Amino acid sequence: MIQRRKTRKVTLGDEAHGIVSIGGDAPVSVQSMTAGYTYEIDACVAEINRLAAAGADIVRVAVPEKKDTAALREILPRVTVPIVADVHFHFQRALEAIDAGIHKIRLNPGNISDHAQVRDVIQACKARKIPIRIGVNEGSIVERRDKQKRMKELGGVFSDNKNGHFLAIMIAKLEEYLEIFHAEDFHDVVISAKSIDPLLVVDAYKAISERFDYPLHLGVTHAGPKETGTIRSVVPLGHLLASGIGDTVRISYANDPVYEVEDGLELMYILGLRTRIGAELIACPTCGRIQVDLFKLVQDVRKQLEKEIKLPIKVAVMGCIVNGPGEAEGADVAIFAGDRRGIIYVQGEKVANVPEEEILSRLLIECAEFEAKVNRGEARLGEKKVAILPPDPIGELGSGWEKIEKDRGVSLPVVH
Ligand code: SF4
């Protein structure tokens with residue numbers, strides 16, 4: 001069990017959009033951001049609803065122009081998750097979004113720094129009980145207007161201790177910004193400090209968590225395409241969450257934001273920070289023993305489980321009986337492949353031995369029946385440990401090697 005850092009709690013949303021808390025005793029929430037234009041109302045609504053269906057607790061939208069904040073009045077009644085307005089450069093966008101009924105505001109100290117403007121936003125949020133995320137970001141943290149200050153800050157950034165300087169600037173900007181909030185006695189605050197550098201992300205959030213008791217929004221900014229961005233994001237975020245730091249998460253990919261939600265939720269599940277919704281699939285990586293098309297089978301099983309199973313049934317798809325039984329330990333439903341066949345077990349009981357083309361359909365039938373049994377109270381998830389003795393490969397599953405040799409037209413070496 002991960003012991004989470006104690007923080008203040010902020011709450012956003014309403015009856016129509018759901019109420020989500022961040023920090024305190026609330027579970028770590030998963031959020032994402034729409035990629036389309038907010039002023040394209042139908043498309044924006046569709047994207048928000050797709051993210052909500054994927055499991056997003058909160059969705060953020062960009063509001064660079066007045067037409068975007070105007071669109072919020074039509075978008076909000078058509079969606080069912082709390083919405084955050086991402087505000088940069090123009091504090092008026094925050095005021096317009098608040099008027100439109102937005103549930104949370106994100107401000108960037110790097111581009112809205114005028115104290116009077118920030119105070120106006122704070123007062124409007126206070127009147128409506130709307131929280132504010134103060135999001136500092138490596139890309140916009142260095143001073144732009146004051147030339148002397150900029151030279152000094154850039155000097156540090158281009159030094160050997162670049163991360164140390166960025167960290168110092170982030171902390172200083174946060175402290176300075178928070179003073180405005182404290183002067184207004186406003187504490188419905190969430191903090192983020194994002195960077196593209198995973199090591200700086202870890203250092204920044206650790207330092208911030210020691211200084212402030214506000215809930216933290218974790219993220220790696222500009223993480224890149226999903227193919228490489230997953231590792232760039234999950235390494236620092238997983239490290240921080242496992243250390244108890246982090247109260248809401250946004251993984252950022254240059255891709256469909258539904259992936260951000262799916263990967264954010266999976267991160268919560270594997271760390272035990274959220275109760276899994278839907279089946280958990282484990283599968284072997286395959287090796288030179290494989291005698292079925294396991295990659296295809298695993299993808300087909302994954303897609304169908306997503307559609308058909310609601311309970312967190314643990315399903316194992318194993319390529320053979322050599323390591324399969326041990327590696328599938330704890331699975332509720334497991335299949336061990338052999339010579340174009342598969343043996344299916346449900347909580348340790350063998351229920352079928354079917355040819356390869358029937359594995360998928362039979363496995364899904366067994367998963368659905370097991371789920372129904374659990375729902376009727378006749379079985380419990382993970383109740384029986386899988387204690388499967390490997391079946392004789394030349395017996396039930398067949399050796400297969402002679403057939404493979406014939407199919408490929410090669411002679412296997414004779415081993416004496
Ligand atoms: S389960 Fe069998 S096929 Fe899969 S990786 Fe292990 S030994 Fe190889």
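Coordinates for the structure precede this section.
A. Up close: the overall build of the protein chain. For the protein chain, the count of helices and strands is 14 helices and 15 strands. Across the protein chain, every contact between residues at least 6 apart in sequence was considered, and the portion connecting residues at least 24 apart equals 66%.

B. Local environment of the sheet that holds strand β10 (residues 248-250). Strand order in the open sheet formed by eight strands is β8-β7-β6-β5-β4-β3-β10-β9, and the pairing between neighbours is parallel. Bordering the open sheet on either side are β8 (189-194) and β9 (217-218), each of which pairs with just one other strand. Relative to β8, strand β7 (residues 132-137) runs parallel, the two being bridged by six bridges. By the bridge assignment for β8, Asn 137 is matched with Lys 194. Here helix α7 (residues 198-211) sits on the sheet in contact with β8 and β9, set at roughly 150 degrees to β8.

C. How the structure looks around helix α3 (residues 91-100). Burial analysis of α3 places seven of its 10 residues in the buried class, which makes it a mostly covered element. Turning to α3, its buried residues are Phe 91, Arg 93, Ala 94, Glu 96, Ala 97, Ile 98 and Ala 100. Where α3 is buried, its residues contact α2 (66-75), β5 (83-87), β6 (104-107) and α4 (115-128).

D. The packing of aromatic side chains, seen in detail. A complete count under the given rule lists four aromatic pairs for this structure. When the ring of Phe 336 is compared with that of Tyr 345, the centres are 5.6 Å apart and the planes differ by 70 degrees; the resulting orientation is edge-to-face. Taken individually, Phe 336 and Tyr 345 each receive the classification buried, so the pair is uniform in this respect. The ring of Tyr 39 carries Lys 67 above its face, with NZ or CZ at 4.1 Å from the centroid.

E. Layout of unusual backbone geometry. A positive phi is found at Phe 89, a non-glycine position, where the angle reads about 70 degrees. Phi angles above zero are rare outside glycine, and Lys 129 is one such case at about 55 degrees. The topology assignment puts Lys 129 in the loop between α4 and β7. Classification of Lys 129 as exposed rests on a relative accessible area of 68%.

F. Highlighting the side chain of Ser 29. Looking at where Ser 29 falls in the secondary structure, it is placed in strand β3 (residues 29-33). Among the polar contacts made by the side chain of Ser 29, one reaches the side chain of Thr 248 at a distance of 2.8 Å. Filtering out sequence-adjacent residues up to four positions away, Ser 29 remains in contact with Val 20, Ile 22, Asp 57, Ile 58, Asp 247, Thr 248, Val 249 and Arg 274.

G. Expanded view of the pairing of strand β12 (residues 314-318). With four of its five residues buried, β12 lies for the most part within the structure. When strand β11 (residues 280-283) meets β12, the two strands line up parallel, connected through four bridges. In the sheet register, Ala 283 faces β12, and the bridge partner there is Val 317. In this region the chain leaves β11, passes through helix α10 (residues 294-308) and returns to the parallel neighbour β12; the handedness of that crossover is left-handed. Here β12 runs beside strand β13 (residues 333-337); their pairing, made up of four bridges, is parallel. The residue bridging Ala 316 from the neighbouring strand is Ala 334, located in β13.

H. The arrangement of the sheet that holds strand β15 (residues 349-355) in detail. Spatially, the five strands line up as an open sheet ordered β11-β12-β13-β14-β15, and their pairing is mixed. In this open sheet, the two strands that pair with only one neighbour each are β11 and β15. Neighbour-to-neighbour, the strand axes of this sheet turn through a mean angle of 15 degrees, independent of strand direction. Of the strand pairs in this sheet, β13 and strand β14 (residues 341-346) are connected by five bridges, and their pairing is antiparallel.

I. Region of interest: the nonpolar core. By size, the foremost hydrophobic cluster in this structure holds 78 residues, and its most contacted members are Ile 105, Leu 107 and Phe 181. Once residues within four sequence positions are removed from consideration, Leu 107 is found in contact with Val 87, Ala 94, Ile 112, Val 118, Val 121, Ile 132, Arg 133, Ile 134, Gly 135 and Tyr 177.

J. Here's a closer look at the packing of α4 against helix α6 (residues 162-183). Where α4 contacts α6, the two axes come as close as 10 Å, and the packing angle between them is 50 degrees. As judged from the angle between their axes, α4 and α6 are oblique. Between α4 and α6 the crossing geometry is right-handed. Listed contacts from α6 to His 115, Val 118, Arg 119 and Ile 122 of α4 are Glu 176, Tyr 177, Ile 180 and Phe 181. Of the residues assigned to the contact of α4 with α6, the class counts are five nonpolar, one polar and two charged.

Basis of the calculations
- Residues numbered from 1 in each chain as written.
- Predicted model: local features only at pLDDT ≥ 70, side-chain atom pairs only at ≥ 80, totals over all residues.
- Heavy atoms only, no water.
- Helix = DSSP H or I, 4+ residues; strand = E, 2+ residues; numbered from the N terminus.
- Contact = heavy atoms within 4.5 Å.
- Pairing = 2+ DSSP bridges.
- Axes fitted to C-alpha atoms, helices over the stretch in contact; angles between N-to-C directions.
- Buried < 20%, exposed > 50% of the residue type's maximum accessible area, 1.4 Å probe, protein only.
- Phe/Tyr/Trp six-rings, centres within 6.5 Å; stacked < 30°, edge-to-face > 60°.
- Lys NZ or Arg CZ within 6 Å of the ring centre and 35° of its normal.
- Polar contact = N/O pair within 3.5 Å; in protein donor to acceptor, adjacent residues only side chain to side chain.
- Right-handed = clockwise from strand over helix to strand, strands pointing away.
- Core = buried A, V, L, I, M, F, W, Y, C linked by side-chain atoms within 4.5 Å.
- Parallel < 35°, antiparallel > 145°, perpendicular 65-115°, else oblique.
- Left-handed = near helix turned anticlockwise from the far one by under 90°.
- Nonpolar A, V, L, I, M, F, W, Y, C, P; charged D, E, K, R; others polar.

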